[in-house]
Each structure stands twice: as structure tokens, then as C-alpha cells.
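# Chains, contacts and geometry: an overview
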Amino acid sequence: MKSRTVRRVTLSVAVMTALAGVAACGSEDSGKGDKAVGRSVTHVSPLAALRSAEKSTDKAESAKVRSSTSIGDTMSMTANGALAWGDGLKGNLTITYTGGKMADAMRQAGSTSMEARYLPDAYYAKMSEKFAQQFGGKHWIKYAYDDLAKLGGGSGAYLKDQMQNTTPNQSVKLLLASGDVKKVGQEKVSGVDATHYSGTVNVADLADKNSNLTADQLAGLKKQLSQAGVTTETVDIWVNDQDLLVKKVEKADMATGAMTSTAYYSDYGVKVSAEEPPAADTKDFKELMKSGGTGTSS
């Protein structure tokens, strides 16, 4: 595999694996929401109902995840697994690239599916045998959040901040911060009765309210968002009778095409185990960038 291809794939995996984690941790769906009795949010205001959902979801510690994301013709992917968020994001997802340029690039690297492992200070992507052959048989790429923060100016810093501080109730926080929320009505989601809420958020303003970026980093992020054509995003969430999310959909128009992200959660409290892969089987992302994507035997 050419070094330029390796570099492109490595950078793409960095962004898309992080995106999968953030998208998956945007909301939650409780598999325990089938009960006919429970608290109802029908007779309270949308903001009050969302505040209750935000608090209830914040108390949860883990869940199974399934999500899908698409961005124009750049890529489409699915993610399935389990994540915990009690002390930083932790867990495992199987990411499958189902279409677009990213799937083509991954196919060149030997596989369109990979395992992503998330830990509080870094995440790891398990690549194909073909990819490992270029790097002394090492299958895993380590992406430290501190290294990601150095990528792409403000967007890299924002990505690090979101990965280290995101919680599954992030979508609720988005709507609460926007102040633009409406109750759509009662609907069924995976057989569960749920209340549908919808709103429009200003992406740059929310980055200002919901991150720990410096003024310079925030200015850089807003410039990049503008260049990418991202100004507003619609967020739809469905909350069950236990004040827990059952579905989340986020949509935005970008210069590269329409972005849609959908997530479902189930099995609150599931045991999640995620450990750092063996050092002997791991290549550091920072080293790959320094070498220009050239494989070595060490």
C-alpha cells in the first residue's frame, strides 16, 4: 500500500472513529422502557421534560449502542457495541463503512470493518492484516486525544474536548442550550411509547456553550465550521416514560453533502470492559504521521 494511501486512511480513521464515538454517545435508548407504567412527560413543558431526561440519563453508566452516520458521498457507516461513560468514555464498537469514498479507502486497506476501542485518554482502531503487514505486523493504531487536539486547529481541540467530556445525554443538552424546542407528539420507537421532541441549534454557539475551548480555539473552530458550510443542525430525540432517550437523529447540511446521524441505545447497566491493546501490537498515530505513513518493521 502506498504511503499516501496509508496516511489518508490513517487520518480518515482518526476522524471517523472519533465521530462514531461522539455520535453514539449523543443519546440513549433504554431496553427497559417496555413497561406500561412509569412517569409521563405529557403534561409538562418541553424544557422541563428535557431537564428531567437529562438528569435521568446522566445517572446511567453504560448501554449497548447501535448507530448509523452518513455524510454526502464521503462516507456512510454503522456502529454497534457497548459504551460506558461514568468516568470518561470507555467501550468497544464495531464500525462498518457501508459506502462512499471512505469505504473505498478502507477497502484498499484490506477491510471495510474494524474494531474501535475507547478509553478515557485515547482510542484505538484495529486494522486489517493487509494494513498490519506494512507495520511489522501491528494491528492497532493508537489515537491519543492530546495528539488529535493538534490536528486541524480548532476542530481538533473540539474533537478532543467532546471525546473526553461527552455523555450519552448530549443531544438533550443540545436542545436545552438552544432554547428552540417543540414537542412533536407521541410515537412508537422499537415498540416503546415515546415522546418526540425537535429543535434547531446553532452549531458554533453550542460549541461556545458546551466546550472548554480557548478563545483562539473557538475562533478557529467557527471559521472551519463556516468553511464546511455548517451553520445550523436539527436535533430530534424520543424520550420514553422513564425519562430516558430511545432514539436520536441529528441532521445538518455541509459543503460535502447532507449529514445524518441516528443512534439507538438499549440494556442500561450492561457490563463494559475495554483495555489498552498490547503495546507490541500497537502503532502510534503520531509516529505514523511523522513517518509519512511509511511502514517499518519496528
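Just above sits the structure.
This write-up is about the structure you can find in this document. (Residues numbered from 1 in each chain as written. Predicted model: local features only at pLDDT ≥ 70, side-chain atom pairs only at ≥ 80, totals over all residues. Heavy atoms only, no water.)

In the structure shown here, the tally under the stated rule is five aromatic pairs. On the numbers, 4.9 Å between centres and 40° between planes, the contact of Tyr143 with Phe285 is tilted. Of this pair, Tyr143 sits in strand S6 (residues 140-144) while Phe285 sits in helix H10 (residues 285-290), and the two are 142 residues apart along the sequence. With a relative accessible area of 0%, Tyr143 lands in the buried category. (Phe/Tyr/Trp six-rings, centres within 6.5 Å; stacked < 30°, edge-to-face > 60°. Helix = DSSP H or I, 4+ residues; strand = E, 2+ residues; numbered from the N terminus. Buried < 20%, exposed > 50% of the residue type's maximum accessible area, 1.4 Å probe, protein only.)

Let's shift gears to helix H3 (residues 100-108). Within H3, the full set of buried residues consists of Met102, Ala103, Ala105 and Met106. The buried residues of H3 occupy an angular sector of 160° when the element is viewed end-on, so they sit on one face. One or two positions beyond H3, positive phi appears at Gly110, with a value near 115°. (Arc of directions from axis to C-beta.)

Now for the environment of Ala280. Tracing the backbone shows Ala280 in the loop between strand S11 (257-266) and strand S12 (282-284). We classify Ala280 as exposed; its relative accessible area is 69%. Along the chain, Ala280 and Trp140 lie 140 residues apart, while their C-alpha atoms are 9.5 Å from each other.

Attention now goes to the pairing of strand S7 (residues 181-189). Judged from the eight bridges that link them, S7 and strand S8 (residues 192-202) form a sheet pairing that is antiparallel. Looking across to S8, one finds that Lys183 is bridged to Tyr197. Between S7 and S8, which pair antiparallel in sequence order, lie two residues; one of them, Ser190, sits at a positive phi of approximately 55°. (Pairing = 2+ DSSP bridges.)

Before going further, it helps to spend a moment on the nonpolar core. Ranked by size, the top nonpolar core spans 40 residues in total, and within it Leu93, Ile95, Tyr97 and Tyr118 carry the most contacts. A per-element tally of this core places strand S2 (residues 75-84) first, with four residues. (Core = buried A, V, L, I, M, F, W, Y, C linked by side-chain atoms within 4.5 Å.)

Attention now goes to the pattern of salt bridges. Within the structure shown, the criterion is met by seven salt bridges. For Glu115, the salt bridge identified is with Arg117, shortest N-O distance 3.2 Å. Across the salt bridge formed by Glu250 and Lys248, the nearest N and O atoms sit 3.8 Å from each other. Taken as a pair, Glu250 and Lys248 share a single burial class, namely buried. (Salt bridge = Lys/Arg side-chain N within 4 Å of Asp/Glu carboxyl O.)

A separate point is empty space enclosed by the protein. Counted under the stated rule, the structure contains one cavity of 30 Å³ or more. Here the largest cavity defines a volume of roughly 40 Å³. Considering the residues around the largest cavity, the lining is formed by Met106, Ala109, Ser111, Ser113, Met114, Lys126, Met127 and Ser128. Residues belonging to the lining of the largest cavity are distributed by class as follows: four nonpolar, three polar and one charged. (1 Å grid on protein atoms, 1.4 Å probe; cavity = no way out; pocket = protein on both sides within 12 Å on 5 of 7 lines; lining within 4 Å. Points joined across faces, edges and corners; volume = space filled by probe spheres on them. Nonpolar A, V, L, I, M, F, W, Y, C, P; charged D, E, K, R; others polar.)

Here we come to helix H2 (residues 46-58). Owing to its 3.6 residues per turn, the α-helix aligns residues three or four sequence positions apart on the same side. The end-to-end C-alpha distance of H2, which contains 13 residues, comes to 18 Å, matching closely the 18 Å that a straight helix rising 1.5 Å per residue would cover. Among all positions in H2, only Ala49, Leu50, Ala53, Glu54, Ser56 and Thr57 are buried. (Expected span 1.5 Å × (residues − 1).)

Quick look at the packing of H2 against helix H7 (residues 170-178) now. Between two packed helices, what matters for the description is the angle formed by their axes and the separation of those axes. Between H2 and H7, the shortest axis-to-axis distance is 9 Å and the interhelical angle comes to 150°. Between H2 and H7, the angle falls in the class roughly antiparallel. Crossing angle aside, the handedness with which H2 passes H7 is left-handed. On H7, the residues touching Leu47, Leu50, Arg51 and Glu54 of H2 are Val172, Lys173, Leu175 and Leu176. Looking at the contact of H2 with H7 residue by residue, the class counts come to five nonpolar, no polar and three charged. (Axes fitted to C-alpha atoms, helices over the stretch in contact; angles between N-to-C directions. Parallel < 35°, antiparallel > 145°, perpendicular 65-115°, else oblique. Left-handed = near helix turned anticlockwise from the far one by under 90°. Contact = heavy atoms within 4.5 Å.)

Another point: the sheet that holds S7. Pairing is mixed across the open sheet formed by twelve strands, whose spatial order is S7-S8-S9-S10-S11-S1-S2-S3-S4-S5-S6-S12. Either end of the sheet is taken by a strand with one partner, and the two such strands are S7 and S12. If you compare each strand with its neighbour and ignore which way they point, the axes differ by 20° on average. Inspection of the sheet shows S8 paired to strand S9 (residues 232-240) by nine bridges, in the antiparallel sense. Across the sheet, the residue bridging to Tyr197 is Ile237, located in S9. Those strands touched by H2 are S7, S8, S9 and strand S10 (245-254), and its axis lies near 60° from that of S7. Along the sheet, H7 contacts S7, S8, S9 and S10; its crossing angle with S9, the most-contacted strand, is approximately 120°.

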